[in-house]
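In case you want the letters, here they are:
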Amino acid sequence: MPEVNRSAPPPVGGWTRFVTARPRLALLAALVITALAVFAGSGVADRMGSGGWQAPDAESTYATEVLAREFPASQPNLLLLVDSGSAGVDDPAVAAEAARLAERLKAEPGISGVGSYWETASPALRSEDGQEAIIAARIGGDEKTAGETLDRLAPAFAGERGPVTVSLGGPVAVQHEMQTIIQEDLLRAELIALPVTLVLLVMVFGSAVAAMLPLAVGIVAILGTNAVLRGLTEFTDVSVFAMNLTTALGLGLAIDYALFIVRRFREELATGADTRAAVGTTLRTAGRTVLFSALTVAVSLSAMLVFPQYFLRSFAYAGIAVVLLAAAAALILLPAALVLLGPRINSLDLRRLLRRRKKAGADPQGATAGGPGAGSAGGADASPGRGWAWLGALVMRRAPVFAIVTTVGLLLLGLPFLGVKFGTADDRQLPASAESRVVQERIRDGFPGSPGGGLEVLAEGQGSRADHADLKTRIEQLPGVLRVEGPVAEGPAAYYSVLPKGEAVGEETQQLVRDLRAVPSASSLDISVTGTAAVLVDSKDAIADRLPWALAIIVVATLLLVFLLTGSVLIPLQAVVLNALSLTAMFGAVVWVFQDGNLSGLLAFTSTGDIETTLPVLMFCVAFGLSMDYGVFLISRIKEEYDRTGDHEHSVTFGLRHTGGLITAAAVILAVVMVAIGTSRVTNTKMLGLGIALAVLMDAMVVRSLLVPAVMKLMGRSTWWAPAPLRAFHRRFGLSEGEAAPAVVPAAVPDPGGRGGPEEDPEPTAETEEISGVSRDIGEPARR
């Protein structure tokens, strides 16, 4: 193999001196800052909202705000379901108790627009069997205030009340219960993920000391992000769902970055470098790659800032913060810890116990129970990394076959997404036992019409009685209208309640929203339409309007960053296309499982027949960023070797050999974290966790292992092509992993393929051997 002149160790750079000059002081400062972050971020979940799917500048949002202010009874968000049992809702004792409940509710602070079946005799407020009826009201204030009011009201109104039983439902109850469940599920996910992750890290590193470092980086990133989100809640709305992403990315990316840095540090120690020189080389190589990776992930997540819904923007806030904090911890705190640990990074190798047991079970001639040639974990005959090298060579020998079969297979897995139907989140996101969901289901199944699916038409202006009558007539003539009530007037504003014939958010009702907005009216009246279907229509339009901008941000930034890393024009294009292709299985599974309801019994959720509109956008941005994370790890190592040898095929094999196990281990660990998030009882969180776990595994085990080597083989040396002006630009501004212009002496021994180039690395580092699909011996001292 080519011999690299290492007679003079590379100088320790300014950044290395900065982060390692006083390592104890740096770690002490980190401990103090983390403690402050715990204090600053306490109670952050209580300040978050559980909505955010509505576009704030949409017509439906404007109409909802006006109706809530001028006609509170038209926008009830609290429903008291009164069950009279066999007596019936018209029984005098039941009616008297219901009247008392309504009067008490009117006297509560923060309550407005109280109405009931017993006051209005509206058939929409009485169940078809006559045993249940509704008292409706509106709780004022923001989500936090509404939740506090609900907590105060629940003990006083829910439960047995004389001849009736009262249950609380409505949007406020659904959102409040969803927020509570998410917090409980997040704690459970952390309790599952942390110990499992620690076990996997011990399997990967061997050393318990090394295994603890990624967890420490992840915890710092998570706690710091909680403090950032707590600060943001003072200025803007933040969704409670973002807490899940904070935990997942905080652990996942911190582990990725720490794996990469610790592995390279241990490799440098194994070459004989002293601790500070090893840290310096690590930061110039793996550290640089981590920085690029963090930037690409942050850019992918920042694309969600272009959308108006605070649900999506919240994930951008949380994601960008946790990615940058994870990278900062990995590039500042981790090097300080490595300086203090030095060779002790390999201490407490827990696998030695397993090796001793295997030796104890060996026969007198030394043959293990596995038969001749069976290697022990980390033994000298384990041929670490050789499996990845063999796979890379096989893929490149049959590159067209692997490229075509893999691409077609991924596209087939994504086919179900062609039948996607977009909807809106409702109470069925909650587990079947949740009280607010039980109430909503009883109303949905037992009351006439489509409760909660009605539309409101707001008419503003100095219209005459004839103008309003004419507008009502025009609305009644629309094909999707079942019944129109109103107008109810208050000053210059009036509204109509429109009951659609179709489902609450079905295609027929969505078309009715468009028809209502197109209804001609008197020139003195301005019409606005709101309701569940109207919110969905506006949300879909807002996403469709901003989606091209989001995609442009992701694509342009990715092309630029990967070009700066590689100096190639084709590799950035390849990265964008292959990353997008790696997400097809995730999108196909989302539709096949969560929309169509397959595996709903096993996964314990209720399919609504559609996918919440914002979820695919969120999942694309997160999964694309994580795919780039792994892509940067692989490409940077290939680029480093290509710069050193100039041999394209050897470099691809070398890169796969030295990062295949690393990427696989990181993907498995991140998938464990995402699956823990996916155990949530809230369907959208379950979908997010399981979907991204699938995308991560497909990217690491299929795209990076099979498709990337095949495509790079087919592209040949043209992979690294760039026009002369861009080459000059990259020489001046670009960065890449690797030492600056090492002295290379070509070996005289031809490679096994007879090409005469650099021979295959005979003694690779022990970073890529696998144990049950998880890389073992990452970064153990290289045997050279």
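Remember, it's a predicted structure, so these values are computed and weren't measured experimentally. (Residues numbered from 1 in each chain as written. Predicted model: local features only at pLDDT ≥ 70, side-chain atom pairs only at ≥ 80, totals over all residues. Heavy atoms only, no water.)

Details of the overall build of the chain
Thought 1: Counting its regular elements, the chain contains 25 helices and 15 strands.
Thought 2: Taking all 784 residues of the chain together, 55% fall into the buried category.
Thought 3: Counting contacts in the chain only where the partners sit at least 6 residues apart, residues at least 24 apart contribute 79% of the total.
Thought 4: Accessible area for the chain stands at about 31500 Å²; split by element, carbon and sulfur atoms hold 62% of it. (Helix = DSSP H or I, 4+ residues; strand = E, 2+ residues; numbered from the N terminus. Buried < 20%, exposed > 50% of the residue type's maximum accessible area, 1.4 Å probe, protein only. Contact = heavy atoms within 4.5 Å. Areas by Shrake-Rupley, 256 points an atom, 1.4 Å probe, with all protein chains shown as cover.)

Side note on the sheet that holds strand 3 (residues 111-116)
Thought 1: Taken in spatial order, the 5 strands make up an open sheet running 3-4-2-6-5, and their pairing is antiparallel. Since the sheet does not close on itself, it has two edges, and those belong to strand 3 and strand 5 (159-161), each with one partner. Here the average twist between neighbouring strands, direction ignored, is 25°.
Thought 2: The sheet contact formed by strand 2 (residues 78-83) and strand 6 (residues 164-169) spans 5 bridges and is antiparallel. For Val82, the partnering residue across the bridge sits in strand 6 and is Val166.
Thought 3: Sheet strands touched by helix 4 (residues 92-106): strand 2, strand 3, strand 4 (132-139), strand 5 and strand 6. Its angle to strand 4, the strand with the most contacts, is close to 5°. (Pairing = 2+ DSSP bridges. Axes fitted to C-alpha atoms, helices over the stretch in contact; angles between N-to-C directions.)

Thoughts on the packing of aromatic side chains
Thought 1: Within this structure, the stated rule accounts for 10 aromatic pairs.
Thought 2: A ring pair is formed by Tyr117 and Trp118, whose centres lie 5.7 Å apart and whose planes are at 75°; its orientation type is edge-to-face.
Thought 3: Geometrically, the ring pair formed by Phe241 and Phe311 is edge-to-face, given 5.6 Å between the ring centres and 75° between the ring planes. Remark: Phe311 occurs in helix 11 (residues 310-341) and Phe241 occurs in the loop between helix 8 (208-232) and helix 9 (242-270); sequence separation between them is 70 residues. With respect to burial, Phe241 and Phe311 carry one shared label: buried.
Thought 4: Members of the aromatic cluster, joined through ring pairs, are Phe241, Phe311 and Phe315.
Thought 5: The positively charged end of Arg104 is found above the aromatic ring belonging to Phe157, 4.5 Å away from the centroid.
Thought 6: Here the guanidinium or amino end of Arg263 rests over the ring plane of Phe260, the centre of that ring lying 5.1 Å away. (Phe/Tyr/Trp six-rings, centres within 6.5 Å; stacked < 30°, edge-to-face > 60°. Lys NZ or Arg CZ within 6 Å of the ring centre and 35° of its normal.)

Here we look at the nonpolar core
Thought 1: Grouped together as the largest cluster of nonpolar side chains are 159 residues, with contacts concentrated most on Phe241, Tyr257, Val323, Leu338 and Leu618.
Thought 2: Core analysis: the next-biggest nonpolar cluster, separate from the first, contains 21 residues, Leu78, Ala102, Leu105 and Val172 among them. (Core = buried A, V, L, I, M, F, W, Y, C linked by side-chain atoms within 4.5 Å.)

With respect to helix 11
Thought 1: An ideal rise of 1.5 Å per residue puts 46 Å on 32 residues; helix 11 measures up with 44 Å between its terminal C-alpha atoms.
Thought 2: Within helix 11, the axis deviates most sharply at Leu334, by approximately 30°, and proline Pro335 lies no more than four positions further along.
Thought 3: Among the 32 residues that make up helix 11, 24 are buried, leaving the element largely enclosed by the rest of the structure.
Thought 4: In the segment just after helix 11, Gly342 is the residue with positive phi, at about 60°. (Expected span 1.5 Å × (residues − 1). Bend = angle between axes of the 7 residues up to and from the residue.)

Some words on the side chain of Thr613
Thought 1: Inspection of the secondary structure assignment puts Thr613 in the loop between strand 12 (611-612) and helix 22 (615-645).
Thought 2: There is a polar contact of 2.9 Å between the side chain of Thr613 and the backbone oxygen of Gly423.
Thought 3: Once residues within four sequence positions are removed from consideration, Thr613 is found in contact with Phe422, Gly423, Leu536, Ser539, Lys540 and Ile543. (Polar contact = N/O pair within 3.5 Å; in protein donor to acceptor, adjacent residues only side chain to side chain.)

Looking at the pairing of strand 10 (residues 493-500)
Thought 1: In terms of burial, strand 10 is a largely internal element, 7 of the 8 residues being buried.
Thought 2: One ladder, built from 6 bridges, connects strand 8 (residues 455-460) with strand 10; its direction is antiparallel. Counterpart to Ala459 in the pairing with strand 10 is Ala494.
Thought 3: Pairing of strand 9 (residues 481-490) with strand 10, which is carried by 7 bridges, proceeds in the antiparallel orientation.

Quick notes on the pattern of salt bridges
Thought 1: Within the structure shown, the criterion is met by 31 salt bridges.
Thought 2: Measuring nitrogen to oxygen at the nearest pair gives 3.4 Å for the salt bridge that ties Arg442 to Asp83. Taken together, the positions of Arg442 in helix 15 (residues 435-446) and Asp83 in strand 2 put the pair 359 residues apart, joining distant regions of the chain.
Thought 3: The salt bridge involving Arg126 is made with Asp90; its shortest N-O contact spans 3.8 Å. In this pair, Arg126 sits in the loop between helix 5 (117-120) and strand 4 while Asp90 sits in the loop between strand 2 and helix 4, placing the two residues 36 residues apart along the sequence.
Thought 4: Overlapping salt bridges bring together Arg263, Arg264, Glu267, Glu268, Arg637 and Glu640 as one network. (Salt bridge = Lys/Arg side-chain N within 4 Å of Asp/Glu carboxyl O.)

Digging into the packing of helix 7 (residues 171-205) against helix 9
Thought 1: The interhelical angle for the contact between helix 7 and helix 9, taken along N-to-C directions, is 15°, at an axis separation of 10 Å. Relative to helix 9, the element helix 7 is oriented roughly parallel. Crossing angle aside, the handedness with which helix 7 passes helix 9 is right-handed. For the pair formed by helix 7 and helix 9, the contact residues are Ile182, Leu186, Glu190, Ala193, Leu194, Thr197, Leu201, Val204 and Phe205 on the first element and Met243, Asn244, Thr247, Leu251, Ile255, Ala258, Leu259, Val262 and Arg266 on the second. (Parallel < 35°, antiparallel > 145°, perpendicular 65-115°, else oblique. Left-handed = near helix turned anticlockwise from the far one by under 90°.)

Structural notes on the environment of Arg69
Thought 1: Tracing the chain through its elements places Arg69 in helix 3 (residues 59-70).
Thought 2: In the structure, Arg69 is positioned 43 residues away from Ser112 in sequence and 9.9 Å away in space, judged by C-alpha atoms.

Overview of the sheet that holds strand 11 (residues 526-531)
The pairing of strands in a sheet comes from backbone hydrogen bonds and takes either a parallel or an antiparallel form.
Thought 1: With respect to topology, 4 strands assemble into an open sheet ordered 9-10-8-11, the strand pairing being antiparallel. The open sheet is flanked by strand 9 and strand 11, the only strands paired with a single partner. Strand-to-strand twist in this sheet, taken as the mean axis angle between neighbours without regard to direction, amounts to 20°.
Thought 2: Along the sheet, helix 16 (residues 465-476) contacts strand 8, strand 9, strand 10 and strand 11; its crossing angle with strand 9, the most-contacted strand, is approximately 160°.

Regarding the pairing of strand 4
Thought 1: Within strand 4, 8 of the 8 residues are buried, which leaves the element mostly enclosed by the surrounding structure.
Thought 2: Judged by which residues are buried, strand 4 turns out to be covered on both faces: Glu132, Ile134, Ala136 and Arg138 on one side and Ala133, Ile135, Ala137 and Ile139 on the other are all buried.
Thought 3: Across 6 bridges, strand 2 lies against strand 4 in antiparallel orientation. Pairing of Asp83 across the sheet is with Glu132, part of strand 4.
Thought 4: Both strand 3 and strand 4 contribute to a ladder of 4 bridges, which runs antiparallel.

Considerations on unusual backbone geometry
Thought 1: Cis geometry is adopted by the peptide bond preceding Pro487, which originates at Gly486 and carries an omega value of 10°.
Thought 2: Structurally, the position occupied by Pro487 is in strand 9.
Thought 3: Of note, the phi angle at Ala604 is positive, near 60°, even though the residue is not glycine.
Thought 4: Of note, Ala604 is situated in the loop between helix 21 (600-603) and strand 12.
Thought 5: According to the relative accessible area criterion, Ala604 is exposed, its value standing at 58%.

A closer look at the confidence of the model for the chain
Low-confidence regions, as indicated by low pLDDT, have predicted coordinates that should not be scrutinised in detail.
Thought 1: For the chain, mean pLDDT is 81; residues scoring 70 or higher make up 85% of the total.
Thought 2: Contacts for the low-pLDDT stretch residues 362-383, under 50 throughout, to residues beyond four places or in other chains number 20 contacts.
Thought 3: This model gives residues 737-784 a pLDDT under 50, and the stretch forms 156 contacts once residues within four places in sequence are excluded. (pLDDT = per-residue confidence, 0-100.)

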